[in-house]
Amino acid sequence: MVSEKDVQHIAELADIGISSGELGTFTHQFNEILEYFDTLDTVKGDAAATRDLYNVMREDETVPSLPQEEVLRNAAAQEDGFIKAPRVM
């Protein structure tokens, strides 16, 4: 059984703001989820159940691509023969 203190600690670890009014609701929902997992743990699966598996992927085929000059013509910015993207920080 999960307590409100546990839910508050989990919320702090996940950096999720939970108000004191929501704490009871989240605690109840959390416990319902854990009870459902307990129910799932009691289900016995049939290990012999198998399916016919097959590869749905197509074979790789080498096809000509666009020339580098044509690709770079559409680029907003380029550097040393490559497309230059904005810095992400």
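Here is a short report on the structure shown in this document.

About the criteria used
- Residues numbered from 1 in each chain as written.
- Predicted model: local features only at pLDDT ≥ 70, side-chain atom pairs only at ≥ 80, totals over all residues.
- Heavy atoms only, no water.
- Helix = DSSP H or I, 4+ residues; strand = E, 2+ residues; numbered from the N terminus.
- Buried < 20%, exposed > 50% of the residue type's maximum accessible area, 1.4 Å probe, protein only.
- Contact = heavy atoms within 4.5 Å.

### Describing the environment of Val7
Okay, so step 1: Relative to the helices and strands, Val7 resides in helix 1 (residues 4–13).
Okay, so step 2: Exposure remark for Val7: the relative accessible area of 4% places this residue in the buried category.
Okay, so step 3: Sequence separation of Val7 and Phe26 is 19 residues, and the distance between their C-alpha atoms is 7.3 Å.
Okay, so step 4: Setting aside chain neighbours within four positions, we find Val7 in contact with Val2, Ile18, Leu23, Phe26, Thr27 and Phe30.

### Here we look at unusual backbone geometry
Okay, so step 1: The phi torsion at Asp15 lies on the positive side, around 55 degrees, for a residue other than glycine.
Okay, so step 2: Turning to its location among the elements, Asp15 is positioned in the loop between helix 1 and helix 2 (20–41).
Okay, so step 3: Assessed through its relative accessible area of 71%, Asp15 is described here as exposed.
Okay, so step 4: With a phi angle near 55 degrees, Asp80 is a residue other than glycine that sits in the positive phi range.
Okay, so step 5: Residue placement: Asp80 occurs in the loop between strand 1 (78–79) and strand 2 (82–83).

Geometric values such as these leave the question of function open.
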